[in-house]
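# Analysis of the macromolecular model
Here's the letter readout for the chains.
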Amino acid sequence: MDIKAALLGTLPLLAIILVALLIERTNPAEVQPLRSAGFNLVYTVVFAVVQTAVVPLVSVVTVVAVNAAGGGWIKLPGTGWGLLFGALLYTFTLDLMEYLFHRAQHRFPVMWAMHSFHHSDTALNATTTNRHHWAEHGIKMLTIYLLVGVIFKINPAIVGVYAVISLYNVFPHMNLRIGFGRLSFALNSPQYHRVHHSVLPEHYDCNFAALFPVFDVMFGTYREPREGEFPPTGLDNHKRPSGLIDAMIWPVRVR
Ligand SMILES: [Zn+2]
Ligand SMILES: [Zn+2]
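Given the structure is predicted, the values throughout are model-derived calculations rather than measurements. (Residues numbered from 1 in each chain as written. Chains lettered and ligands numbered in written order. Predicted model: local features only at pLDDT ≥ 70, side-chain atom pairs only at ≥ 80, totals over all residues. Heavy atoms only, no water.)

Moving on to the packing of helix 3 (residues 80–107) against helix 7 (residues 156–165). It is at 9 Å that the axes of helix 3 and helix 7 come closest, and there the two elements cross at 55°. Taken as axis vectors, helix 3 and helix 7 run oblique relative to one another. Relative to helix 7, the crossing made by helix 3 is right-handed. Contacts between helix 3 and helix 7 involve L83, G86, A87, Y90, T91, L94 and E98 from the first element and A157, I158, V161, Y162 and I165 from the second. Here the residues of the contact of helix 3 with helix 7 sort into 9 nonpolar, 2 polar and 1 charged. (Axes fitted to C-alpha atoms, helices over the stretch in contact; angles between N-to-C directions. Helix = DSSP H or I, 4+ residues; strand = E, 2+ residues; numbered from the N terminus. Parallel < 35°, antiparallel > 145°, perpendicular 65-115°, else oblique. Left-handed = near helix turned anticlockwise from the far one by under 90°. Contact = heavy atoms within 4.5 Å. Nonpolar A, V, L, I, M, F, W, Y, C, P; charged D, E, K, R; others polar.)

Written out as structure tokens, the structure is:
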């Protein structure tokens, strides 16, 4: 595996996260210690290296499976207005898949064992965005990404547009006192996603959407944040990783 390329590949994301950290200082939702952000930044880099090792392996399995299934029923256009339509359809479909996958992560203990690592952050901020267990991406590739590959025959332009759109994910994780109020159903926001990360029982199992909260509205998991509502975040058992090794073995660690 090419560790150097993996490290270089994280630079744009790290740059965006660092700028986001500076913006957070203008109107933070809560005062936070720096320690957690430092851990997340180191983890993001390690995650990228592990992903470089795992993804090619998983990709082969995915491609073989997609080819076996006839690969891509619907061909999405890659130029002009068609590209815009194709990218929107692709993004919307993938966001629905992300929503369903996220629901499963909270529903099934074996998946929660992994996803709870993302929720263990008591200082929700831009650096939390990539704090996902390293094996999660592989599982997504073999499930929702595989399914989208079976449905759509996509082109590099659409993949590029989606890659840019998915950077939006940093924004809802930011430690910012920003919400969209009564328009919360339109797009994910720092306040909307903070409620999903809330440690308070009254906020459990709501606001799962990654980009479009309309899926929460459709499936009955929508909870519009109240004015000034910026709850504390973390796990109800207050568990947190003690270090990088602990983070890597998070799903099977002794609790
Ligand atoms: Zn979650
Ligand atoms: Zn999150």
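Glancing now at the nonpolar core. Of all hydrophobic cores here, the largest spans 12 residues; its members are L76, L83, Y90, L94, M97, F101, I144, V148, I151, F152, I158 and Y162. Contributions of two or more residues to this core are made by helix 3, helix 6 (144–151) and helix 7. Here this core gets 5 residues from one element, more than from any other, and that element is helix 3. Contacts of I144, omitting those with residues within four sequence positions, involve M97, E98 and F101. (Core = buried A, V, L, I, M, F, W, Y, C linked by side-chain atoms within 4.5 Å. Buried < 20%, exposed > 50% of the residue type's maximum accessible area, 1.4 Å probe, protein only.)

Next up on the list: the coordination of the zinc ion (ligand 1). For the zinc ion (ligand 1), every protein donor is listed as H102 (NE2), H106 (NE2), H115 (NE2), H119 (NE2) and H196 (NE2), and the spread of their distances is 2.1 to 2.2 Å. Read N to C, the donor residues that coordinate the zinc ion (ligand 1) are spaced as H-x3-H-x8-H-x3-H-x76-H. For H102, a relative accessible area of 9% translates into the label buried. What makes H196 buried here is its relative accessible area of 5%. (Donors = N, O, S within 2.8 Å, 3.2 Å for Na, K, Ca; no water.)

Below, the discussion takes up the coordination of the zinc ion (ligand 2). Listed as protein donors to the zinc ion (ligand 2) are H118 (NE2), H173 (NE2), H193 (NE2) and H197 (NE2); their distances from the metal cover 2.1 to 2.2 Å. In this structure, the zinc ion (ligand 2) is coordinated by 4 donor atoms arranged in irregular fashion, with angles at the metal of 89 to 169°. Between the zinc ion (ligand 2) and the zinc ion (ligand 1), a separation of 5.9 Å is found. In this pair, H118 sits in helix 4 (residues 109–119) while H197 sits in the loop between helix 9 (190–196) and helix 10 (214–219), placing the two residues 79 residues apart along the sequence. Overall, H197 belongs to the buried group, its relative accessible area being 0%. (Tetrahedral: all angles 85-135°; square planar, octahedral: opposite > 155°, others 65-115°.)

The space that makes up the second largest pocket amounts to roughly 330 Å³. Around the second largest pocket, the lining is made up of 19 residues, and of these H106, W112, Y204, L235 and D236 lie nearest the centre. Of all the elements, helix 4 adds the most residues to the lining of the second largest pocket, at 4 residues. The residue inventory of the lining of the second largest pocket, partitioned by class, reads 7 nonpolar, 9 polar and 3 charged. (1 Å grid on protein atoms, 1.4 Å probe; cavity = no way out; pocket = protein on both sides within 12 Å on 5 of 7 lines; lining within 4 Å. Points joined across faces, edges and corners; volume = space filled by probe spheres on them.)

The values reported here are purely geometric and, on their own, carry no functional implication.
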